[in-house]
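Residue strings, one per chain:
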Amino acid sequence: DPSGDDNTSVYVPAGSFGMGSEDGNNDERPPHNVTLDEFWLDQTEVSNVRFAAFVADTGYQTAAEAQGWGYIFDGGNWDVANGANWQHPQGPGSDISGMDDYPVVQISRDDAAAFCDWAGGRLPTEAEWEYAARGPENRLWAWGNEFLPDRVNYCDHDCSASWVDLDVDDGYTYTAPVMSYPNGASWVGALNMTGNVWEWVADWYADDYYGRSPTANPPGPESGERGILRGGSWVFEARRNRTTDRNSTDPSYAINDFGIRCAYDADGSGPNE
């Protein structure tokens, strides 16, 4: 396990899978085969306590802290909330006391990359993320091809969006602890690859990249104006929580469902070794 700071990572063996989908949005097309080298991936999203250790060690200031605001989803819109940041994820009246094991949120792409670098890793490529989520069987959700609401934190009873699923109540208004839903694990044992929080990946977004992507270890476009997050979140319905769904957005955005998961090269070059 190459990841430092007492975190657990899962091994993702080298292999091939079908990336993308004919059934999703246009930017999920064309489906194409990808072959990847082995790597390691955080078993869970980065928790508040892990992020706090990074901040304590480095004095890092997140984008939301520097600018004085983040976005929060209020049920219909994503609104600017002055004072929202990783320590006040729902705005100034909120805090993370008692939430050590919940995923850190209000994280920009630069914040996520800085954390992973500190942890001895990096952001996963989009292909690595999707492979760890869906595997050689090309699962539509982390656990399989049928959406099972008891295996995921998504927009259910406590969610205020128009697409809410009122028939299910998972007990979490926002995020769930990072070790939640072990029965929803992916084929490599990674938790909450479906739902809970969106996770930044390394790639820049280009709408034509799937049509020109290299077959082996695609790195993503060399540059771009939009970053990419994967995995869906507590804000969204089943369709947006599919393993193939792509969320491309301004890389500076920090929102109360944007988090982190790091990858580590398999050569053992992680920290503390």
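Look above for the structure.
Residues numbered from 1 in each chain as written. Predicted model: local features only at pLDDT ≥ 70, side-chain atom pairs only at ≥ 80, totals over all residues. Heavy atoms only, no water.

Engineer: Would you take a moment to explain the overall build of the protein chain for this structure?
Structural biologist: Helix and strand counts for the protein chain stand at five helices and eleven strands. Taken over the C-alpha atoms alone, the protein chain extends approximately 50 × 45 × 35 Å along its principal axes. When the 273 residues of the protein chain are sorted by exposure, 57% land in the buried category. In the protein chain, 70% of the contacts between residues at least 6 apart in sequence involve partners at least 24 apart. (Helix = DSSP H or I, 4+ residues; strand = E, 2+ residues; numbered from the N terminus. Buried < 20%, exposed > 50% of the residue type's maximum accessible area, 1.4 Å probe, protein only. Contact = heavy atoms within 4.5 Å.)

Engineer: What is the right way to read the packing of aromatic side chains from this model?
Structural biologist: Each aromatic ring pair is described using two quantities: the centre-to-centre distance and the angle formed by the ring planes. Under the criterion given, the structure shown has 23 aromatic pairs. Aromatic pair Tyr 174 and Trp 234: ring centres 5.2 Å apart, planes at 75°, arrangement edge-to-face. On the criterion of sequence distance, the pair formed by Tyr 174 in the loop between helix 4 (126-134) and strand 7 (198-204) and Trp 234 in the loop between strand 8 (227-230) and strand 9 (247-249) is long-range, its members being 60 residues apart. Put simply, the rings of Phe 73, Trp 78, Trp 163, Tyr 174, Trp 198, Trp 234 and Phe 236 pair up and form one aromatic cluster. The positively charged end of Arg 109 is found above the aromatic ring belonging to Trp 204, 4.0 Å away from the centroid. Across the ring face of Phe 236, the terminal group of Arg 240 is positioned such that the distance to the ring centre comes to 5.1 Å. (Phe/Tyr/Trp six-rings, centres within 6.5 Å; stacked < 30°, edge-to-face > 60°. Lys NZ or Arg CZ within 6 Å of the ring centre and 35° of its normal.)

Engineer: Sorry, what's going on with the state of the cysteines here?
Structural biologist: In protein structure, a disulfide is the covalent linkage between the sulfur atoms of two cysteines. Evaluation of the coordinates by the stated rule reveals two disulfides. Note that Cys 116 is cross-linked by a disulfide to Cys 262, the S-S spacing being 2.1 Å. For the disulfide bridge between Cys 116 and Cys 262, the dihedral angle about the S-S bond is near -90°, and by the sign convention the bridge is left-handed. Of this pair, Cys 116 sits in helix 3 (residues 109-118) while Cys 262 sits in the loop between strand 10 (258-259) and strand 11 (263-265); the two residues are 146 residues apart in sequence, bridging distant segments of the chain. (Disulfide = S-S within 2.5 Å.)

Engineer: It is not clear to me how the packing of helix 1 (residues 48-58) against helix 3 should be interpreted in this structure. Could you clarify?
Structural biologist: When two helices pack together, their arrangement is given by the angle between the helix axes and the distance between those axes. Packing of helix 1 against helix 3 brings their axes to within 11 Å, and their N-to-C directions diverge by 80°. On the basis of the axis angle, helix 1 is roughly perpendicular to helix 3. Together, Arg 50, Phe 51, Ala 53, Phe 54, Asp 57 and Thr 58 of helix 1 and Ala 114, Phe 115 and Trp 118 of helix 3 make up the contact between the two elements. Taken together, the residues of the contact of helix 1 with helix 3 sort by class into six nonpolar, one polar and two charged. (Axes fitted to C-alpha atoms, helices over the stretch in contact; angles between N-to-C directions. Parallel < 35°, antiparallel > 145°, perpendicular 65-115°, else oblique. Nonpolar A, V, L, I, M, F, W, Y, C, P; charged D, E, K, R; others polar.)

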